[in-house]
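Analysis of the macromolecular model
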Amino acid sequence: MLQITGVSRRFGDVTALADVSLEIRQGEFFALLGPSGCGKTTLLRILAGFESPDSGTVTLDGDDLLGRAAHRRPVNLMFQSYALFPHMTVAKNVAYGLEREKLSKAEIRSRVGEVLEKVGLSAMAGRRPQQLSGGQRQRVALARAIVKRPRLLLLDEPLSALDKKVRAEMQLELKRLQHEVGITFVVVTHDQEEAMSLADRIAVFNAGRVEQVDEPVRLYERPRTPFVAGFVGAGNLFPGRACAAGVAADGLGVLPGVSDLPDGTPALLAVRPERIRLDDGGGVLKGEVADVSFYGGVSHVAVTVPGRPEPVLVATQGATRVRPGAQVGLAWTPGDGVLVPQ
Ligand SMILES: Nc1ncnc2c1ncn2[C@@H]1O[C@H](COP(=O)(O)OP(=O)(O)OP(=O)(O)O)[C@@H](O)[C@H]1O
Ligand SMILES: [Mg+2]
């Protein structure tokens, strides 16, 4: 549905976007994930028509999008700070865009009512934004964005202003809403868990470039670049060279992993903390427990391994009995070690 091809944008010395190409499908919940300053907002602004690329093309349903003025695009952008009109009621805020389109009063009333119902704010239609909680304001901004029924809804960090609990609720809401209205969503976030839980597919950005586009599970289990392996989930990364059994790690010997790289290729072995078992009798690495943190559902155990500057992180289900100072072995199956070319 949306085809972005070779889009680049520079601001002076800064390359905000470098040759970005993406295909986004009809009805998809697509996430742009990356650290601050990697070009996410710039790409949304280009799609919405508030910014032009230096080069590249964008088509929507096969038609050129970049040649159309912002207000003529079937695209809506919900800003990073969702500026509501403070002097207008919730219903007025939502109706604003439709009034500017000169729709009839009856049509506007029915569409606003329908959308407020969808986001669960029917009872608050007459309130002003300052009489709402953060999560409720968020819903108003969403209602305002979907009431115009865009083909494409762009959301820039839609949940970043919310606290953890409301945020988790709104993530579910957002998913349900997207399903219900059937609009294609492109959401920007720098929170990898949020991207994972929301999106059908994720594009990981690094310094203006797309590093990998994949489904969440695939991205997590099969990162293709060192950046993705480091950014998506706190992985343990072991540098070395690819070999038949996995990777010959610098200073640590052969560590198990599945490799399709030619022997001797410089590579990182990525092993997720939850894939490592603490093994009293054996294991491929031996070390000493440096720290144990209990998080409720999981515990994190940091293990210092001779020959490696940073500790190896292990996540266990629930509470663990190991204590700092204990000698432990670390084990994982070859299928849980992912080789990433360096
Ligand atoms: N109008 C502008 N003038 C100059 N530099 C800009 C402009 N807009 C963006 N940039 C620069 O381009 C880069 C990408 O910015 P962008 O806002 O797209 O990042 P982002 O990924 O959205 O970051 P964040 O997660 O912090 O919102 C940054 O280095 C930024 O400083
Ligand atoms: Mg941004």
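All of these numbers come straight from a predicted model, not from anything done at the bench. (Residues numbered from 1 in each chain as written. Chains lettered and ligands numbered in written order. Predicted model: local features only at pLDDT ≥ 70, side-chain atom pairs only at ≥ 80, totals over all residues. Heavy atoms only, no water.)

Some details on the environment of Ala 319
- Note that Ala 319 resides in the loop between strand E18 (312–317) and strand E19 (327–331).
- Here Ala 319 falls in the exposed class, since its relative accessible area comes to 60%.
- Considering only alpha carbons, one finds Ala 319 and Phe 294, 25 residues apart in sequence, at a separation of 6.4 Å.
- Discounting residues that sit within four places of it in the chain, Ala 319 has contacts with Phe 294 and Ser 299. (Helix = DSSP H or I, 4+ residues; strand = E, 2+ residues; numbered from the N terminus. Buried < 20%, exposed > 50% of the residue type's maximum accessible area, 1.4 Å probe, protein only. Contact = heavy atoms within 4.5 Å.)

Some words on the nonpolar core
- Counting residues in hydrophobic clusters, the biggest one holds 43 residues, and the most contacted among them are Val 94 and Ile 202.
- It is helix H4 (residues 134–146) that contributes the most residues to this core, 6 residues altogether.
- Residues within four places of Val 94 in sequence aside, it is in contact with Val 112, Val 115, Leu 116, Val 140, Ala 143, Arg 144 and Val 147. (Core = buried A, V, L, I, M, F, W, Y, C linked by side-chain atoms within 4.5 Å.)

Quick word on the sheet that holds strand E8 (residues 184–189)
- One open sheet holds the 6 strands; their spatial order is E6-E7-E8-E3-E9-E10, and the pairing between them is mixed. Each edge of the open sheet is held by one strand with a lone partner, namely strand E6 (75–78) and strand E10 (209–214). Between one strand axis and the next, the sheet turns through 15° on average, direction left out of account.
- Sheet contacts for H4: E6 and strand E7 (152–156); angle to E6, the most-contacted strand, approximately 165°.
- Across the face of the sheet, helix H5 (residues 164–181) comes into contact with strand E3 (29–33) and E8 while running at roughly 155° to E8. (Pairing = 2+ DSSP bridges. Axes fitted to C-alpha atoms, helices over the stretch in contact; angles between N-to-C directions.)

Quick look at unusual backbone geometry
- One non-glycine residue, Asp 19, lies in positive phi territory at about 55°.
- Within the fold, Asp 19 resides in strand E2 (residues 14–24).
- The class of Asp 19 is exposed, set by a relative accessible area of 53%.
- Of note, the phi angle at Lys 102 is positive, near 60°, even though the residue is not glycine.
- Residue position: Lys 102 is located in the loop between helix H2 (90–100) and helix H3 (105–118).

Quick word on the environment of Arg 218
- Within the secondary structure, Arg 218 sits in helix H7 (residues 216–221).
- Linking Arg 218 and Arg 201, residues 17 residues apart in sequence, is a C-alpha distance of 9.5 Å.

Side note on H2
- Within the sequence span of H2, burial applies to Val 90, Asn 93, Val 94, Ala 95, Gly 97 and Leu 98.
- Those residues of H2 hidden inside the fold are in contact with H3 and H4.
- A positive backbone phi angle near 60° is found at Lys 102, which sits one or two residues after H2.

A short note on the site of ligand 1
- The full set close to ligand 1 counts 12 residues, and Ser 36, Gly 37, Lys 40, Thr 41 and Thr 42 are the nearest of them.
- Residue Ser 36 places a side-chain N or O atom 2.5 Å away from an oxygen atom belonging to ligand 1.
- Residue Lys 40 places a side-chain N or O atom 2.8 Å away from an oxygen atom belonging to ligand 1.
- With the chains in place, 62% of the 640 Å² that ligand 1 exposes on its own is no longer accessible.
- At the level of elements, E2 and helix H1 (40–48) are the ones that each hand at least two residues to the shell around ligand 1.
- It is H1 that provides the largest number of residues to the shell around ligand 1, a total of 3 residues.
- Each residue belonging to the shell around ligand 1 can be placed in one class, and the counts come to 5 nonpolar, 6 polar and 1 charged. (Near = heavy atom within 4 Å. Polar contact = N/O pair within 3.5 Å; in protein donor to acceptor, adjacent residues only side chain to side chain. Areas by Shrake-Rupley, 256 points an atom, 1.4 Å probe, with all protein chains shown as cover. Nonpolar A, V, L, I, M, F, W, Y, C, P; charged D, E, K, R; others polar.)

Concerning H1
- Within H1, 7 of the 9 residues are buried, which leaves it mostly tucked inside the rest of the structure.
- Listed as buried for H1 are Lys 40, Thr 42, Leu 43, Leu 44, Ile 46, Leu 47 and Ala 48.

Looking at the pattern of salt bridges
- Applying the stated rule across the entire model yields 20 salt bridges.
- A salt bridge links Asp 54 to Arg 9, with the nearest nitrogen and oxygen atoms 3.4 Å apart. Of this pair, Asp 54 sits in the loop between H1 and strand E4 (55–60) while Arg 9 is found in strand E1 (residues 2–11), placing the two residues 45 residues apart along the sequence.
- Classification of Asp 54 by relative accessible area gives partly exposed; the value is 47%. (Salt bridge = Lys/Arg side-chain N within 4 Å of Asp/Glu carboxyl O.)

Concerning the packing of aromatic side chains
- The final tally for this structure, using the stated rule, is 4 aromatic pairs.
- Measuring from centroid to centroid gives 5.4 Å for Phe 227 and Phe 231, while their planes differ by 10°, and the two rings are stacked. Here the residue Phe 227 and the residue Phe 231 both occupy positions in helix H8 (residues 226–231), the gap between them amounting to 4 residues, near one helical turn.
- A relative accessible area of 22% places Phe 231 in the partly exposed class.
- Stacked on the ring of Phe 85, the Lys or Arg Arg 144 has its end atom at 5.9 Å from the ring centre. (Phe/Tyr/Trp six-rings, centres within 6.5 Å; stacked < 30°, edge-to-face > 60°. Lys NZ or Arg CZ within 6 Å of the ring centre and 35° of its normal.)

Some thoughts on the domain arrangement of the protein chain
- By domain assignment, the protein chain separates into domain 1 (2–221) and domain 2 (234–341).
- Relative to domain 2, the C-alpha centre of domain 1 lies at a distance of 38 Å. (Domains from an automatic or database assignment.)

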